[in-house]
Amino acid sequence: MAKTKASSGAILGIETSCDETAAAVVTRDGVIRSNIIASQIDDHSQHGGVVPEVAARAHLSQIDQVIRRAMDEAELGFDDLCAVAATGGPGLIGGVLVGTVTAKAIASSCSIDYFAINHLEGHALTARLTALDPDAPDSVSLDQGGIAYPYLLLLVSGGHTQLLAVAGPGSYRRYGTTMDDAAGEAFDKSAKILGLGLPGGPKLEALAKNGDAKAYDLPRPLMHKPGCHFSFSGLKTAVLTAYQQDIAPHENGDRNTDQQKADLAASLQLAVAESLVSRSRNAMRQFKIDYPDMISPAFVVAGGVAANRLIRQSLEDLAATEGFGFNAPPVGLCTDNAVMIAWAAAERMAAGLPSDDLDFAPRPRWPLDPDASPPPGRGVRC
Ligand code: KG4
Ligand code: ZN
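This section reports on the structure supplied with the text. The residue numbers shown here count from 1 along each chain, following its written sequence. Starting at A for chains and at 1 for ligands, labels are handed out in the order in which the entities are written. Local features in this predicted model are restricted to residues whose pLDDT is 70 or higher, and side-chain atom pairs enter the listing and the counts only when it is 80 or higher, whereas totals over whole chains, interfaces and linings include all residues. By convention in this description, side-chain values take in all heavy atoms of the structure and omit both hydrogens and water.

## Some points on the site of ligand 1
Near residues are defined by distance, with any heavy atom within 4 Å of the molecule or strand qualifying the residue. In the neighbourhood of ligand 1, 19 residues make up the surrounding shell, with Gly158, Asp188, Glu205, Gly304 and Asp336 lying closest. In the analysis that follows, any N or O atom pair within 3.5 Å is treated as a polar contact, provided that within protein one partner can donate a hydrogen and the other can accept it, and provided that, for residues neighboring in sequence, both atoms belong to side chains. Contacts to ligand 1 include Glu205, whose side-chain N or O atom sits 2.7 Å from a nitrogen atom. In the environment of ligand 1, a nitrogen atom lies 3.2 Å from a nitrogen or oxygen atom belonging to the side chain of Asn308. Each accessible area is a Shrake-Rupley result for a 1.4 Å probe, and residues are judged covered by the shown protein chains and nothing else. Here ligand 1 loses 88% of its free accessible area of 550 Å² to cover by the protein chains. Going through the elements one at a time, helix 4 (119-130), helix 5 (183-193) and helix 6 (200-208) are the ones with two or more residues in the shell around ligand 1. Residues were grouped as follows: Ala, Val, Leu, Ile, Met, Phe, Trp, Tyr, Cys and Pro as nonpolar; Asp, Glu, Lys and Arg as charged; and all remaining residues, including Gly, as polar. Classifying every residue of the shell around ligand 1 gives 5 nonpolar, 11 polar and 3 charged. Starting at the N terminus, helices and strands are each numbered in turn, a helix being any DSSP run of H or I of at least four residues and a strand any DSSP run of E of at least two.

## Here we look at the packing of aromatic side chains
Only the six-membered ring of Trp is used, alongside the rings of Phe and Tyr, when aromatic pairs are assigned; centres must lie within 6.5 Å, and planes under 30 degrees apart are stacked while those over 60 apart are edge-to-face, with the rest tilted. Within this structure, the stated rule accounts for 6 aromatic pairs. A ring pair is formed by Tyr149 and Tyr151, whose centres lie 5.7 Å apart and whose planes are at 10°; its orientation type is stacked. The exposure class assigned to Tyr149 is partly exposed, which follows from its relative accessible area of 22%. Only protein chains enter the area calculation, which uses a 1.4 Å probe; residues under 20% of their type maximum are buried, those over 50% are exposed, and those in between are partly exposed. Look at Tyr151 and you get buried, because its relative accessible area is 0%. Here the aromatic rings of Phe299 and Phe326 are separated by 6.4 Å at their centres, their planes lie at 55°, and the arrangement is tilted. Highlighted residues: Phe299 in strand 9 (residues 298-302) and Phe326 in strand 10 (residues 325-327), separated in sequence by 27 residues. When its relative accessible area of 0% is taken as the criterion, Phe299 is described as buried.

## Things to note about the environment of Pro219
Within the element layout of this structure, Pro219 appears in the loop between helix 6 and helix 7 (233-247). Judged by its relative accessible area of 34%, Pro219 falls in the partly exposed class. On a C-alpha basis, the gap between Pro219 and Ser296 in space is 33 Å, while along the polypeptide they are 77 residues apart.

## Some thoughts on the sheet that holds strand 9
Whether two strands pair depends on DSSP finding at least two bridges between them. The 5 strands lie next to each other as 8-7-6-9-10, forming an open sheet whose pairing is mixed. In this open sheet, the two strands that pair with only one neighbour each are strand 8 (171-177) and strand 10. Strand-to-strand, the axes of this sheet are offset by a mean angle of 25°, without reference to chain direction. With 6 bridges joining them, strand 6 (residues 151-156) and strand 7 (residues 161-168) adopt antiparallel strand pairing. When the bridges of strand 7 are listed, Leu152 appears paired with Ala165. Where helix 9 (residues 309-322) meets the sheet, it contacts strand 6, strand 9 and strand 10, and its direction lies at approximately 160° from that of strand 10. Note on definitions: angles span 0 to 180 degrees between N-to-C directions of axes, and those axes are lines fitted to C-alpha atoms, for helices only across the stretch in contact. Contacts are assigned to residue pairs with any non-hydrogen atoms lying within 4.5 Å of each other.

## What about helix 5?
Within helix 5, 8 of the 11 residues are buried, which leaves the element mostly enclosed by the surrounding structure. When helix 5 is considered as a whole, its buried residues turn out to be Ala183, Gly184, Glu185, Ala186, Phe187, Ser190, Ala191 and Ile193. Contacts from the buried residues of helix 5 go to strand 6, strand 7, helix 6, helix 7, helix 8 (257-290) and helix 9. Immediately beyond the C-terminal end of helix 5, within one or two residues, lies Gly195, with a positive phi of roughly 70°.

## Concerning the pattern of salt bridges
What counts as a salt bridge is simple: a side-chain nitrogen of Lys or Arg found within 4 Å of a carboxyl oxygen of Asp or Glu. Here the structure, examined in full by the defined rule, presents 11 salt bridges. A salt bridge links Asp290 to Arg173; its shortest N-O distance comes to 2.8 Å. A residue pair is termed long-range when its members are at least 10 positions apart, and Asp290 in helix 8 and Arg173 in strand 8 qualify at 117 residues. Look at Asp290 and you get partly exposed, because its relative accessible area is 23%. A salt bridge links Arg281 to Glu322; the shortest N-O distance between them is 3.9 Å. Of this pair, Arg281 sits in helix 8 while Glu322 sits in helix 9, and the two are 41 residues apart along the sequence. The class of Arg281 is partly exposed, set by a relative accessible area of 27%. Since its relative accessible area comes to 14%, Glu322 is described here as buried. Where salt bridges share partners, they join Asp181, Glu185, Lys189 and Lys236 into one cluster.

## Observations concerning the side chain of Glu15
On the secondary structure map, Glu15 appears in strand 1 (residues 10-15). As used throughout, the charge tally considers Lys and Arg to be positive and Asp and Glu to be negative, leaving His and the chain termini uncounted. Buried charge without a partner: Glu15 forms no salt bridge, and the closest opposite charge is Arg348, 14 Å away. Within the local environment of Glu15, its side chain forms a polar contact with the side chain of Ser17, the two groups lying 2.7 Å apart. Here the side chain of Glu15 touches His119 through a polar contact of 2.9 Å, side chain to side chain. Ignoring any residue separated from it by four or fewer positions in sequence, one finds Glu15 in contact with Glu20, Thr21, Ala22, Thr87, His119, Asp336, Asn337, Ala338 and Ile341.

Below you can see the structure in the form of structure tokens.
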């Protein structure tokens, strides 16, 4: 394992697991020195979705300059770093490889620690960073951060929808996961049906603003049933059926499609929000049984879908009703970024966890709670 330089507490983070090439510098005590994100949306738009091979090539061509910009903006040289952290999975393996070999090369040439970070852990711990008081003195202790362990996490991204108790870095208990599509997929696939283009989630949210959420009676799978698992694939099918019946180009050409599209978008958004609320309520009650000593535990919502305003608000209302404190990272740190990767390394260091060896092999699948049993009706989804 490489030796940690004592002189500086700056960590370079690298994120390349999907369609953003990102680098950031964060200090061990929680100061974000830089945050650079190069989106690949233009590369993927013509294909209607993220193409893994296109993503890997774009990461390769972008990564050097993205890291350069992150270091320049942080006003640091590589000699000032104490560690470098890169997403080691789960994700599209070509992109994960690009970030991983780059981080290992920096760690090796600068003799600093290397951390292979679970992308989901990055999302899971970001709120602990953003809840730190920015006006507090430099020497903020993590123990004084706004969110104490253990807390309940709803992780809602493009590939994952999970409810977990977070007891510390590397320490998770999963209450529920999706049996089929992730919540983000419900947004992305519905946006595609409606012809909105990429990025699907934000475009669908924008369209939904002008719609009537009661116009379409879409299903809420598993709602009011016990347990914390999710199911979203039926929603996408229901959106497709409604689109074909009401909105798709018609030979008579007499459809009021703009309003109906907005209505369908709003109805979909409400169905996802209500599903998330229903399952989160069950998880909150289970969490209180599992951690009876927590007086007002935190409920953290993270991942790209946490950027959605209706969903944030619905979950905040639920938290208030169930006696949980609510916390979500600012919208820009809900979607993929490298701040969360650097911060996860800072948390690991603070917890006394070891850095990773340079022979770490990237992991396309990497569950946060490897002991969790799969939901009924499907195989394991990390
Ligand atoms: O966490 P993230 O950036 O990447 C993954 O790790 O998957 O999440 C991306 C997902 C996509 O499905 C995207 O459509 C969704 O988050 N998303 C949103 C919004 N912004 C991003 N969904 C609904 N409303 C939004 N405003
Ligand atoms: Zn993500």
